[in-house]
Amino acid sequence: MSTVNDELEGKHGVQSLEVGMSILRAMATGRRSMMLKDIALAAGMPPSKAHRYLVSLIRSGLVEQDRLTSRYDLGPFALNLGLVALDRIDRIRLGLTAITDLRDETNETVSLTVWSDAGPVVVRWERPRRLITVNVVTGTHLSLLRSAGGRVFAAWLPERQTEALIRRELESGKAPAGVTTFDEARALLAKVREEGLAVITDEDYFAHGVEAAAAPVFNFKNEITMAIALVGVEGSMDLSPDGPTLTALRRTADDLSRRLGATLAQD
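Keep in mind that this is a model prediction, so the values were computed, not measured.

Draft legend 1. Geometry of the side chain of E169. Mapped onto the elements, E169 comes out in helix α7 (residues 159-172). It is R146 that comes nearest to the buried, bridge-free E169 among opposite-charge side chains, at 7.2 Å. In contact with E169, not counting residues within four places along its chain, are S143, L144, L145, R146, K174 and A175.

Next up, the structure:
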């Protein structure tokens, strides 16, 4: 019997969850703390039923109640969900605009990378107006040590978040030349942080005949949230530190970071 019920629940959803969401929707629409009777009226249910759901929502942190006024409002977990959703939605939308503008300015392949459970992954790339270009496949998971975008994430993420992946690359023999120990990988990433971006050429890049440069994008918590990378055929890009290509990359990443609420050192 439970198998049948589980199957039906999987097809039709969880009704109690939908009822709880209707209460949260009513509270969000109300735009202020509300009394029980107002919540019940807005959600279209008896106050006694609304109260039962509110008890569970308070326990989950989605709702809180002011003991002095007895009014209900959205709780800390609901606020956290909103901030996370805002960060994820806005960063991608703004990131897509940023890499399109950078492609137009530099006429180079530009990619946008985010962090996933399996490491950095390319979520979008823009092709330049060139006869010979480098194609970047959306959904590609990048090496932490042999890609520019990967080095940026490895440099600015907490070490506890990247150590296992870095050690796996070292043990597999896929690390760059001259990087065989974790301390050597640390030194490489310290240089990336010092320079503010990662530049990688054919001898170290995971794909033959390719060079790239990447810069970090930070969110309102001043944590790395994305990486923007320029990718080109070996010898085709001006990778001098103060050249127009890397200057445009830095400016684009910094401008996007500010739009996401980051406070940069020069601000």
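The rest of the description comes next.
Draft legend 2. Quick peek at the packing of α7 against helix α8 (residues 182-195). Where α7 meets α8, the axes come as close as 10 Å, and the angle between the chain directions of the two elements is 120°. One way to sum up the angle between α7 and α8 is to call them oblique. Both α7 and α8 take part in a crossing whose hand is right-handed. Contacts between α7 and α8 involve E159, E163, I166, R167 and L170 on the former and, on the latter, F182, A185, R186 and L189. Tallied by class, residues from the contact of α7 with α8 come to five nonpolar, no polar and four charged.

Draft legend 3. Just the packing of aromatic side chains, in detail. What the rule picks out here adds up to two aromatic pairs. Centre to centre, the rings of W115 and F153 are 5.8 Å apart; their planes meet at 40°, and the pair counts as tilted. Taken together, the positions of W115 in strand β3 (residues 109-116) and F153 in helix α6 (residues 148-156) put the pair 38 residues apart, joining distant regions of the chain. According to the relative accessible area criterion, F153 is buried, its value standing at 0%.

What counts, and where the lines are drawn
- Residues numbered from 1 in each chain as written.
- Predicted model: local features only at pLDDT ≥ 70, side-chain atom pairs only at ≥ 80, totals over all residues.
- Heavy atoms only, no water.
- Helix = DSSP H or I, 4+ residues; strand = E, 2+ residues; numbered from the N terminus.
- Buried < 20%, exposed > 50% of the residue type's maximum accessible area, 1.4 Å probe, protein only.
- Lys, Arg positive; Asp, Glu negative; His and termini not counted.
- Salt bridge = Lys/Arg side-chain N within 4 Å of Asp/Glu carboxyl O.
- Contact = heavy atoms within 4.5 Å.
- Axes fitted to C-alpha atoms, helices over the stretch in contact; angles between N-to-C directions.
- Parallel < 35°, antiparallel > 145°, perpendicular 65-115°, else oblique.
- Left-handed = near helix turned anticlockwise from the far one by under 90°.
- Nonpolar A, V, L, I, M, F, W, Y, C, P; charged D, E, K, R; others polar.
- Phe/Tyr/Trp six-rings, centres within 6.5 Å; stacked < 30°, edge-to-face > 60°.

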